[in-house]
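Now for the letters of each chain:
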Amino acid sequence: MNYGKRLTSMRKRKIAFTLIELLVVIAIIAILAAILFPAFARARENARRASCQSNLKQLGLGVAQYTQDYDETMPNGLPNGNNWSGFGWGSQIYPYVKSAQIFKCPSETNGDVSYAWNAQLNDRQNGGNGSLARYQLVSRTLNLAEMTGSGTVRVDLPMEISGAAGSTSWSPIDYGYNLAQSTTAGSTSVPGTLRYVTGQYGAGSHGTAQDAATPRHLDGANYLFVDGHVKWLKGAAVSSDQRNATDPANTYCINSNFIACYDPD
């Protein structure tokens, strides 16, 4: 009888010891998860950033092919009410890229187009015509910048016919201090619906109302330049447009430490 009690007592002690081991293992796993999960999330975002860079590179190749077919002139798109150009740039290069998916960043949650065209490349207000010969700083002049909130855009339709087949917006354009998109043919823009996703630009002239809460890819975003290269940059490395307001000679960007500029002259 005593032997049976001792055996039962040993079993109880063994079970209690096993539970302690289990709790220790669970604690170790929890600690490792707390350490590794942020690293996994960063690795995932790095992969998305690389995929986004690939998208921009392909769009840049589409732009280059377009310019070869149109006498070295960049896509002009459509003008808005202020005669800036660029709406519909997506559909102009779509025949060369043949995929609507590459217009959207993998990290994008709103809208079909994640990139905005630098409207100053085709600035009709100041005599711009989109000719490649006009651009002096091709390795520093932006072509496409990342943004969010474009709505439903059908880049596979000619000039992105608004209202047709579910399309509600033109592909957006970027002034360097403000983002704009057209929701119906004839309207100029819908302010406040688009956001920069690189964080605050160095000059900050577009204001915090145009910035997303956080940068899209870790601490910055991707950019396509006129010469075709793609680079990830923090917001402080990109100048907003100052030329028309305070700097007609564009020395603000040319003589600065900014890596990327909007004005091509």
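Here the structure is a predicted model, which is why all the values come from computation and not from measurement.

Novice: I'd like to hear about the layout of surface pockets, residue by residue, with values.
Specialist: Its volume calculated, the largest pocket comes out at about 180 Å³. Lining the largest pocket we find 14 residues, and of these Gly60, Val63, Ala64, Thr67 and Val226 sit closest to its centre. When residues in the lining of the largest pocket are grouped by element, the largest group, seven residues, is from helix α1 (residues 2-69).

Novice: Let's hear about helix α2 (residues 89-97): which residues, and what values?
Specialist: Regarding α2, the residues found buried are Trp89, Gly90, Ser91, Gln92, Ile93 and Val97. Positive backbone phi, at 55°, marks Lys98, one or two positions downstream of α2.

Novice: Give me the side chain of His217: which residues, what numbers.
Specialist: Within the secondary structure, His217 is located in the loop between β7 (195-196) and β8 (221-225). Classification of His217 by relative accessible area gives buried; the value is 0%. Separated by 3.3 Å, the side chains of His217 and Glu146 make a polar contact. When near neighbours in sequence (up to four residues on either side) are disregarded, His217 contacts Glu45, Arg48, Arg49, Cys52, Cys105, Ser107, Glu146, Asn222 and Trp232.

Novice: Quick rundown of the nonpolar core? Include the residues and the values.
Specialist: Counting residues in each nonpolar core, the largest one holds 28 residues, and the members touching the most others are Leu59, Trp89, Phe103, Tyr115, Trp117, Leu144 and Ile173. If you list the elements that add at least two residues to this core, you get α1, α2 and β3 (115-118). A total of five residues in this core trace back to one element, the largest contributor, which is α1. In this structure, Leu59 is in contact with Ile93, Val97, Ile102, Phe103, Tyr115, Leu144 and Leu224, ignoring residues within four places of it in sequence. Among the nonpolar cores identified, the runner-up in size contains 14 residues, and Ala116, Leu142, Tyr223 and Leu233 belong to it.

Novice: Just give me the short version of the pairing of strand β9 (residues 230-233), but keep the residues and values in it.
Specialist: As paired elements, β8 and β9 share four bridges and run antiparallel to each other. Opposite Leu224, over in β9, you have Val230 as the bridge partner. Where β8 hands over to β9, the hairpin turn is made up of four residues, of which Gly228 adopts a positive phi near 100°.

Novice: Quick one: what's the story with the packing of aromatic side chains, residue by residue and with numbers?
Specialist: Scanning the entire structure with this criterion turns up four aromatic pairs. Seen in terms of ring centroids, Tyr66 and Tyr96 are 6.2 Å apart; in terms of plane orientation they differ by 80°. Their pairing is edge-to-face. Pair noted here: Tyr66 is in helix α1 and Tyr96 is in helix α2, with a separation of 30 residues, a long-range link. Look at Tyr66 and you get buried, because its relative accessible area is 8%. Tyr96 sits in the partly exposed class, given a relative accessible area of 23%. Their ring planes at 40° and their centres at 5.8 Å tell us that Trp89 and Phe103 sit as a pair that is tilted. You can see Trp89 sitting in helix α2 and its partner Phe103 sitting in the loop between α2 and β3, a full 14 residues away along the chain. Taken individually, Trp89 and Phe103 each receive the classification buried, so the pair is uniform in this respect. Through pairs of rings, three or more aromatic residues link up here, namely Tyr66, Tyr70 and Tyr96. Positioned over the ring face of Trp232 is Arg49, at 5.0 Å from the centre of the ring.

Calculation notes
- Residues numbered from 1 in each chain as written.
- Predicted model: local features only at pLDDT ≥ 70, side-chain atom pairs only at ≥ 80, totals over all residues.
- Heavy atoms only, no water.
- 1 Å grid on protein atoms, 1.4 Å probe; cavity = no way out; pocket = protein on both sides within 12 Å on 5 of 7 lines; lining within 4 Å.
- Points joined across faces, edges and corners; volume = space filled by probe spheres on them.
- Helix = DSSP H or I, 4+ residues; strand = E, 2+ residues; numbered from the N terminus.
- Buried < 20%, exposed > 50% of the residue type's maximum accessible area, 1.4 Å probe, protein only.
- Polar contact = N/O pair within 3.5 Å; in protein donor to acceptor, adjacent residues only side chain to side chain.
- Contact = heavy atoms within 4.5 Å.
- Core = buried A, V, L, I, M, F, W, Y, C linked by side-chain atoms within 4.5 Å.
- Pairing = 2+ DSSP bridges.
- Phe/Tyr/Trp six-rings, centres within 6.5 Å; stacked < 30°, edge-to-face > 60°.
- Lys NZ or Arg CZ within 6 Å of the ring centre and 35° of its normal.

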